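A look at the structure
What follows is each chain in one-letter form.
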Amino acid sequence: QVQLVESGGGLVQPGGSLRLSCAASGSIFRINAMGWYRQAPGKQREWVARSISGGTANYADSVKGRFTISRDNAKNTVYLQMNSLKPEDTAVYYCNAIITTIANIQGPNIHWGQGTQVTVSS
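Residues numbered from 1 in each chain as written. Predicted model: local features only at pLDDT ≥ 70, side-chain atom pairs only at ≥ 80, totals over all residues. Heavy atoms only, no water.

Digging into the nonpolar core
- With 28 residues, the main nonpolar core has Trp-36, Leu-80 and Tyr-93 as its most contacted residues.
- At five residues, strand 9 (residues 91–101) tops the list of elements feeding residues into this core. (Core = buried A, V, L, I, M, F, W, Y, C linked by side-chain atoms within 4.5 Å. Buried < 20%, exposed > 50% of the residue type's maximum accessible area, 1.4 Å probe, protein only. Helix = DSSP H or I, 4+ residues; strand = E, 2+ residues; numbered from the N terminus.)

In structure tokens:
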């Protein structure tokens, strides 16, 4: 099975920075895309950023210019560099990935990490 493990969350002051990491492991044939979502208390989960295997990156308007997504394909890892953090960025951040496994090459599936808490407060 495939597992996604997130790390890097924590408590930071407004204007501070954090770098989230998400490492995929298991019987991976190909990672088609990796990205990040977040969910604040009482709100719907929202898309934050996505990185396609070819290197294309996309961002939600709310984080453009502040967040940067990157991938290390050799390590099956995606990162989210979060700068100029605001209190409204407080949420549980979830890593997701579209992964083709060795057991089912023609059937890619969506996988989710367990989430990591990011709290921005003074």
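Focus: the sheet that holds strand 1 (residues 3–7)
- Overall, antiparallel pairing links the four strands, which are arranged 1-3-8-7 in an open sheet. The open sheet has two edge strands, strand 1 and strand 7 (67–72), and neither has a second partner. Between one strand and the next, the sheet's axes are offset by a mean angle of 15°, whatever the strand orientation.
- Strand direction decides the pairing type here: strand 7 and strand 8 (residues 77–82), joined by six bridges, are antiparallel. Of the residues in strand 8, the one forming a bridge with Arg-71 is Val-78. (Pairing = 2+ DSSP bridges. Axes fitted to C-alpha atoms, helices over the stretch in contact; angles between N-to-C directions.)

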